[in-house]
Amino acid sequence: MSAHTPRPDTASGLIETDQRSREIFRQIVDGYLATGEPVGSRNIARLLPMSLSPATVRNVMTDLELAGLIYAPHTSAGRLPTERGLRFFVDAMMEVGNLTAEERARIEAQMKAAATGRTLDGTLTEASALLSGLSRGAGVVVTTKANARLKHIEFVRLDPTRALVVLVADDGTVENRLLSLPPGLPASALTEAANFLNARILGKTLGELRAEIAQHREQMERELDSLTARLVESGIATSSGPSSDRHLIVRGQANLLEDLKAQEDLERIRLLFGDLETQTDVIDLLARAEAGDGVRIFIGSENKLFSMSGSSMVAAPFRDAEQRIVGVVGIIGPTRLNYARIVPMVDYTAKVVGRLLDGAR
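Residues numbered from 1 in each chain as written. Predicted model: local features only at pLDDT ≥ 70, side-chain atom pairs only at ≥ 80, totals over all residues. Heavy atoms only, no water.

The name given to the protein in an unreviewed UniProt entry is Heat-inducible transcription repressor HrcA, with the source organism recorded as Bosea massiliensis. Taken verbatim from the UniProt record of the protein, the Sequence similarities (unreviewed entry) comment is "Belongs to the HrcA family." The UniProt entry for the protein carries the following comment under Function (unreviewed entry): "Negative regulator of class I heat shock genes (grpE-dnaK-dnaJ and groELS operons). Prevents heat-shock induction of these operons." (UniProt positions renumbered as here; feature names shortened; annotations may be inferred.)

Written as structure tokens, this is what we have:
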């Protein structure tokens, strides 16, 4: 990136007060988003709506570089936007496009078809694949397992000290958890605990079930012996960490291997694949998109996940019938994603997924 230290507020002041700077900066960003290549002063001079010489363009480019918005890669005569420049462009200059009626209809049709006779996971996997196909990036979806409406719970003893807790959601998804058993627990306690929970579980989330059990603790202790009561509480306890209650779906990683420009691009993608493999950081980043309404854009090193791989993510939350945020859909790709096109695409897909969860057709 630029060797110069950008002056505070130089970027916005320069762009807002000088139409030439604004147009030249836009040409550099547009060229980068379209091709990934540096843009030179001669090309910019030909593309500008006003008549400027290449020398004048170069002088403006020097000012943009001093402002920290662009930089010269290697010894190239052309310039590329810095991550700071991309962030400024996205926040202050980008004109978000609208999806065409055909694009909206395609998203609606594919998601409705996916939701017919499928589990929630199957529907969301289709959403991930759909976004990947539309963007040529990797489609990502995170759901919060804790928001699933439960139908049934079962305890299966594996050996004297361990059991499997099988949680079945009303959409057909199944989650298995390993549970340590207290010493001397009789086999009948597993059945009693399951019966006690199944009498109260239908249609509740795990969090709601935990709250109800805590509220009626005295009743549970009257009905069950102390070991069985401990088993009930252990069976519906929270998982080990914030990421363990979340489920990540990624489709279309192979798209990220297309159109690589150089060896460093290959290294960037290798690092990103490593990040996707570990999942935890991706899930935590997507969880940040739940913080507010609408689409969030994460560019390059603004977050530690992409600090090495130079990638970006566009993500939006989706809601259930009670308007609770239950997950996030998004697209991961290089920093030269076509943000203006992808933002409405992600936003609309999140809304469609939310309507499907709500049962609306």
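Trainee: Hey, could you run me through the packing of aromatic side chains in this one?
Mentor: Both the distance between ring centres and the angle between the ring planes are used here to describe each pair of aromatic rings. Applying the stated criterion to the full structure yields one aromatic pair. Look at Phe25 and Phe88: their rings are 6.3 Å apart centre to centre, the planes differ by 55°, and that puts the pair in the tilted class. Remark: Phe88 occurs in helix H5 (residues 83–93) and Phe25 occurs in helix H2 (residues 19–35); sequence separation between them is 63 residues. Residue class for Phe88 comes out buried when judged on its relative accessible area of 14%. We note Arg200 situated over the ring of Phe196; from NZ or CZ to the ring centre the distance is 3.8 Å. (Phe/Tyr/Trp six-rings, centres within 6.5 Å; stacked < 30°, edge-to-face > 60°. Helix = DSSP H or I, 4+ residues; strand = E, 2+ residues; numbered from the N terminus. Buried < 20%, exposed > 50% of the residue type's maximum accessible area, 1.4 Å probe, protein only. Lys NZ or Arg CZ within 6 Å of the ring centre and 35° of its normal.)

Trainee: Before we go on, may I ask you to explain the nonpolar core in this structure?
Mentor: Generally speaking, soluble globular proteins have nonpolar side chains that are buried together. Within the largest apolar cluster, 57 residues are counted, with the highest numbers of intra-cluster contacts made by Ile24, Phe25, Ile107 and Tyr339. Among the elements that make up this core, the one with the highest residue count is helix H14 (residues 339–357) (11 residues). Contact partners of Tyr339, with chain neighbours within four places excluded, come to Leu33, Leu86, Val90, Met94, Ile297, Ile299, Ser312, Val314, Pro334 and Pro344. (Core = buried A, V, L, I, M, F, W, Y, C linked by side-chain atoms within 4.5 Å. Contact = heavy atoms within 4.5 Å.)

Trainee: When you look at the pairing of strand S9 (residues 311–319) in this model, what are you seeing that I'm missing?
Mentor: Every regular strand shows the same layout, with side chains that alternate between the two sheet faces. Across the nine residues that make up S9, a large majority, eight, are buried. As defined by bridge partners, strand S8 (residues 296–299) adjoins S9 across four bridges and the pair is classed as antiparallel. When the bridges of S9 are listed, Ile299 appears paired with Ser312. The pairing of S9 with strand S10 (residues 325–334) spans nine bridges and is classified as antiparallel. Across the sheet, Arg319 pairs through a bridge with Ile325, a residue of S10. (Pairing = 2+ DSSP bridges.)

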